[in-house]
Amino acid sequence: MSKIRTSEEAVALIRDGATIAVNSSSGLGCPDALLAALGQRFATTGAPRDLTAIHPIAAGDMFGTLGVDHIAKEGLLARIIGGSFPSGPTKAEPPLIWQLITGDKVAAWNVPSGIVFDMLREGAAKRPGVLTKVGLETFVDPALEGSAMNARARAEPLVERVAFKGEDWLYFPALRPDVAIIRATTADEHGNLTFEHEAATLGAMEMALAAHNSGGIVIAQVKRIAKGGTLRPQAVVVPGILVDVIVEVPDQLQTTATLYDPAISGEIFRPLESFELPAFDVAKVIARRVAMELKAGWAVNIGFGVSANVPRIFIEEGCHGAVTWVIEQGPVGGVPLLAFKFGCAANAEAFVASPHQFCYFQAGGFDCSLLSFLEIDRQGSVNVSRLAATPHRTAGAGGFVDITARAKRIVFSGTFNAAARMRIEDGRLVIDQEGKVAKIVEQVDQVSFAGPRAIRQGQQVTYVTERCVMRLTADGLVVTEVAPGVDIRRDILEQARAPLIVAPDVAAMPAALFEPEPFGLAPEPADARC
């Protein structure tokens, strides 16, 4: 019997009360046509109802790929377990999924992306669940919020803190989806899937295994269909024995606002000169100072925000290739991309399945992570996952908690406070108007990263802003460098809402950072690995 169906026929197989798992990362890999068909079926027929949706990484965004918003309908969706959620500008209308979450219309949990993949893996193997230390002492821990995003979720605890062999662990139950909705480039008639035009495979294989081994079905959206048995076996990522239904969508986007770019999928390599370099401004100064923290030979993770420009700093300074960039969606090496294409990399050396990448991160197998912050408190804890006033401004934790759990070195970056008006003039930072919202606070609104735990684990933590550099110590945050033009008391200590320590040997941030010309970045070789 043929596996080829229309999108309407495919989603008609989803029953009331089903658990669906969706493989996506914003617009990257998003099976948007299937989600749209599912939402339309509910609008037309009132079925299916009371679904539980699992999204290790957000499906869709606020920039043209609706993703989960297609199914964000009261009655259709009862629960959602998400590593991240669609996010966008503060002034924009919140996505429908955020309206359901903040309105307490669906039970919602923000579980670190890597742990969601782990829960699916355990479900596929028919094991009871995940024991992990990832998330201890953060909002993931039941001692704080237990990953719950609203009252409905708090009424259904998802995670437990348990003792095992004399140590504290977090326990997450295995996930056993009834339906996996995944996307690929090509399917043959047998259902074998290849990803030659995709920027990552994400967790397609793991999700398909979890649904299949749980007695569920796997629905694949693809760009094209080939004759059975004609795909190269080494190119097949998901074998046809796991795939039940194929839906052809010839015009599916490669990622948001991108129909197809062969450099994203590793089919061609772009000249380094083709990558746009950041304009000289305050954000670039921060990215430059972050770049100085890195050593040649390191594998370095980067996140969204100021630090996403650090690879472009390396290109501009003639240092491309000195470090290898690794991002949670799976690309290794190359040049991580920005804006709509974040999560993709051009000229990548390899594409790793996202669950494998998270295993690498969770164990601290890499050398350094470059991440952003919303708030930092007196203990060095960081909030990156929640803005109470505008929840949709942030996507939630995503892979942040997985990445920071055991990272050897972390460099957080961002502006010292929110919405300050600043410029660089004559090699100095000029603050025309201070921001209205402090980002250095007594206690963060949500603990995405626990400073005290980092101290106990011996992690090296640095915070880079436009006006100073701070290091985390057992005594608190220590200001070690100050930007030219900045008054320590007026511009730093009095702008913080928590006490800071000024190092006795506080230094000036390198003056060359504040000039538009390349500043002479020259990463020192890393020490030999033990």
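Residues numbered from 1 in each chain as written. Predicted model: local features only at pLDDT ≥ 70, side-chain atom pairs only at ≥ 80, totals over all residues. Heavy atoms only, no water.

Before going further, it helps to spend a moment on the packing of helix H4 (residues 113-124) against helix H9 (residues 354-362). At a minimum axis separation of 9 Å, H4 and H9 run at an interaxial angle of 120°. As the angle between them shows, H4 and H9 are arranged oblique. In the crossing of H4 with H9, the sense of the turn from one axis to the other is left-handed. Between H4 and H9, the residues in contact are Ser113, Gly114, Ile115, Phe117 and Asp118 and Ser354, Pro355, Phe358 and Gln362, respectively. Taken together, the residues of the contact of H4 with H9 break down into 4 nonpolar, 4 polar and 1 charged. (Axes fitted to C-alpha atoms, helices over the stretch in contact; angles between N-to-C directions. Helix = DSSP H or I, 4+ residues; strand = E, 2+ residues; numbered from the N terminus. Parallel < 35°, antiparallel > 145°, perpendicular 65-115°, else oblique. Left-handed = near helix turned anticlockwise from the far one by under 90°. Contact = heavy atoms within 4.5 Å. Nonpolar A, V, L, I, M, F, W, Y, C, P; charged D, E, K, R; others polar.)

This next bit is on the environment of lysine 91. Position of lysine 91 relative to the elements: it lies in the loop between strand S3 (77-82) and helix H3 (96-102). Here the alpha-carbon distance between lysine 91 and arginine 393, two residues 302 residues apart in the chain, equals 9.0 Å.

Spatially, S12-S9-S10-S13 is the arrangement adopted by the 4 strands of the open sheet, whose pairing is mixed. Edge positions in the sheet fall to strand S12 (224-226) and strand S13 (236-238), since each of these pairs with one other strand and no more. (Pairing = 2+ DSSP bridges.)

Below, the discussion takes up the environment of aspartate 491. Looking at the secondary structure, you find aspartate 491 in helix H12 (residues 488-493). Between the alpha carbons of aspartate 491 and cysteine 468 there is a distance of 9.6 Å; along the sequence they are 23 residues apart. What aspartate 491 contacts, discounting residues up to four positions off in sequence, is Phe416, Ile431, Glu434, Arg467, Gly485 and Val486. A distance of 2.8 Å separates the side chain of aspartate 491 from the side chain of arginine 490, its partner in a polar contact. (Polar contact = N/O pair within 3.5 Å; in protein donor to acceptor, adjacent residues only side chain to side chain.)

Okay, the pattern of salt bridges next. Using the criterion set out here, one finds 24 salt bridges in the structure. With a closest N to O distance of 2.6 Å, aspartate 141 and arginine 161 form a salt bridge. Remark: arginine 161 occurs in strand S6 (residues 160-164) and aspartate 141 occurs in the loop between strand S5 (129-132) and helix H5 (151-154); sequence separation between them is 20 residues. By relative accessible area, which is 37% here, arginine 161 ends up partly exposed. The salt bridge partner of glutamate 466 is arginine 467, with a shortest N-O separation of 2.8 Å. With respect to class, glutamate 466 is no different from arginine 467; both count as buried. A cluster of three or more residues bridged by salt bridges with shared partners is formed by Asp118, Arg121, Glu122 and Arg127. (Salt bridge = Lys/Arg side-chain N within 4 Å of Asp/Glu carboxyl O. Buried < 20%, exposed > 50% of the residue type's maximum accessible area, 1.4 Å probe, protein only.)

A separate point is a nonpolar patch on the surface. A cluster of nonpolar side chains, namely Leu253, Leu259 and Tyr260, defines an oily patch on the protein surface of about 260 Å² accessible area. Along the chain, the position of leucine 253 falls in the loop between strand S14 (245-248) and helix H7 (282-291). (Patch = residues over 30% accessible without salt bridge, like charges linked within 9 Å, V, L, I, M, F, W, Y side chains within 5 Å. Areas by Shrake-Rupley, 256 points an atom, 1.4 Å probe, with all protein chains shown as cover.)

Of note, aspartate 118 is situated in helix H4. On the basis of relative accessibility, which here comes to 9%, the residue aspartate 118 falls in the buried class. Those residues in contact with aspartate 118 that sit more than four places away from it in its chain are Val130 and Gln362.

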